[in-house]
Amino acid sequence: MKRYSKVMICMSFLLASALVGCSQKEIGNTSTEISAIISNGTLQANLSTENAEQTESIIHESADILYYDNGYPYIHDILTNNTDNTITETEYCMLAYDINGVPLKLYWNFLDSSAECSYDYVVRTDNVNLLPCQTENYNGGWSLYDGEKMTDYPQVGNGEANQVAYSLFCLKEVVFENGSVWSNPDYDNFFQTYAGKQIDVNTLQNYYPYTYNLQTNKDL
């Protein structure tokens, strides 16, 4: 009986040791897996941060039809500069639509008697001075012709400008203070999609804010 008991005790000890060894191995593997997950998570977070740092943007916050005190209409657009460089020049395209989303041909530059009406108009400004992380704050905008109120000006068109309810702006090119130039790779797509085309009113109402993404390691 004593010998049998010793054998049983010895076998029980070996079994217990084996179980403890397995548990330690599993704990060790689990710890390794947790460390790997934490490490990978940190790596992914770092990569995401790097990508975020490499992407800057310019936002077209809005383009509204407003009126001066004398009743003259104008389009007032707002930009936000989410880059590390001051914007000094912009080139952009303007489109106009009536309340139903029908495109309008306007005499955009109504002071030029030789200018013809068109669905689109591209203008360049060279006195922007929009600092990094700043939103524009200025008075005025692009004046529209209103034959009923602007009696001192030569009459042009048939009142199309009075029908403008929506205006879409799209940056074509941006010049920065450090001399770098960003050309919008999506400009042609914008023009083909919107210029001279009837647009769903819901699309026009939700066009802004429109974000232009700039890859800093490539463009700036």
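The structure this text deals with has already been given above.
Here we summarise the structure given alongside this text.

Calculation criteria
Going along each chain's sequence as written, the residues are numbered from 1 onward. Only residues with pLDDT of at least 70 get local features here, since the model is predicted, and only at 80 or more are side-chain atom pairs given and counted; chain-wide, interface and lining totals rely on the full set of residues. Side-chain descriptors were evaluated using all non-hydrogen atoms of the structure, hydrogens and water having been removed beforehand. Secondary structure is summarised from DSSP: a helix means a run of H or I of at least four residues, a strand means a run of E of at least two, and numbering begins at the N terminus for each. Any pair of residues with heavy atoms lying within 4.5 Å of one another is described as a contacting pair. Centres within 6.5 Å are what make two rings of Phe, Tyr or Trp a pair, Trp counting through its six-membered ring; a difference in plane orientation under 30 degrees is then read as stacked, over 60 as edge-to-face, and the rest as tilted. Accessibility here uses a 1.4 Å probe with only protein chains present; expressed as a share of the type maximum, an area under 20% marks a residue as buried, one over 50% as exposed, and anything in between as partly exposed. Within this analysis, the arc is defined by the directions that extend from the helix axis to the C-beta atoms. Any Lys or Arg side-chain nitrogen found within 4 Å of a carboxyl oxygen on Asp or Glu counts as a salt bridge. For this analysis, a polar contact is any N or O atom pair within 3.5 Å, provided that within protein one partner can donate a hydrogen and the other can accept it, and provided that sequence-adjacent residues contribute only side-chain to side-chain pairs. The term nonpolar core refers to a set of buried residues drawn from Ala, Val, Leu, Ile, Met, Phe, Trp, Tyr and Cys, joined through side-chain atoms within 4.5 Å.

**Quick word on the side chain of T90**
Part 1 of the argument: For T90, the location among the structural elements is in strand β3 (residues 87-97).
Part 2 of the argument: What T90 contacts, discounting residues up to four positions off in sequence, is L79, V123, R124, T125, V128, L171 and E173.

**A look at the packing of aromatic side chains**
Part 1 of the argument: Enumeration according to the criterion identifies 14 aromatic pairs in this entry.
Part 2 of the argument: Judged by centre distance (6.3 Å) and plane angle (35°), the rings of Y187 and F190 are tilted. Of the two residues, Y187 and F190 both sit in helix α2 (residues 187-194), 3 residues apart, roughly one turn of that helix.
Part 3 of the argument: Looking at Y187, the relative accessible area reads 7%, which means it is buried.
Part 4 of the argument: A ring pair is formed by Y194 and Y207, whose centres lie 5.8 Å apart and whose planes are at 85°; its orientation type is edge-to-face.

**Quick word on α2**
Every α-helix winds through 3.6 residues per turn, so residues three or four apart in the chain are directed the same way.
Part 1 of the argument: Inspection of α2 places Y187, F190 and Y194 among the buried residues, and these make up the whole buried set. Seen from one end, α2 has its buried residues packed into an arc of 60°, which puts them on one side. Opposite its buried face, α2 presents the exposed residues D188, N189 and Q192, each directed more than 90 degrees away.
Part 2 of the argument: Looking one or two residues past α2, G196 carries a phi angle of roughly 70°, positive in sign.

**Structural notes on the pattern of salt bridges**
Part 1 of the argument: Counted by the stated rule, this structure contains 3 salt bridges.
Part 2 of the argument: We note a salt bridge from E91 to R124, for which the minimum N-O separation is 3.2 Å. One end of the pair, E91, is in strand β3; the other, R124, is in strand β4 (residues 120-125), with 33 residues separating them in the sequence.
Part 3 of the argument: On the basis of relative accessibility, which here comes to 18%, the residue E91 falls in the buried class.
Part 4 of the argument: Between E173 and R124 there is a salt bridge, with the nearest N and O atoms lying 3.0 Å from each other. You can see E173 sitting in strand β7 (residues 166-176) and its partner R124 sitting in strand β4, a full 49 residues away along the chain.

**So, the side chain of S167**
Part 1 of the argument: Tracing the chain through its elements places S167 in strand β7.
Part 2 of the argument: Assessed through its relative accessible area of 2%, S167 is described here as buried.
Part 3 of the argument: Of note is the side chain of S167, whose polar atom sits 2.9 Å from the backbone oxygen of L95.
Part 4 of the argument: Apart from the residues within four sequence positions on either side, S167 is in contact with A63, I65, I75, L95, A96 and Y208.

**Here we look at the nonpolar core**
Part 1 of the argument: Of all hydrophobic cores here, the largest spans 39 residues; its most connected members are I58, L168 and F190.
Part 2 of the argument: Only β1 (55-67), β2 (73-82), β3, β7, α2 and β9 (210-215) provide two or more residues apiece to this core.
Part 3 of the argument: Each residue touching L168, except ones within four places of it in the same chain, is listed here: C93, M94, L95, Y97, F190, Y194, L204, Y207 and Y208.

**What to know about the environment of E136**
Part 1 of the argument: If you trace the backbone, E136 turns up in the loop between β5 (134-135) and β6 (142-143).
Part 2 of the argument: The spacing of E136 and L79 is 57 residues in sequence and 5.6 Å in space, taken between C-alpha atoms.
Part 3 of the argument: Filtering out sequence-adjacent residues up to four positions away, E136 remains in contact with D77, I78, L79, V128 and L130.

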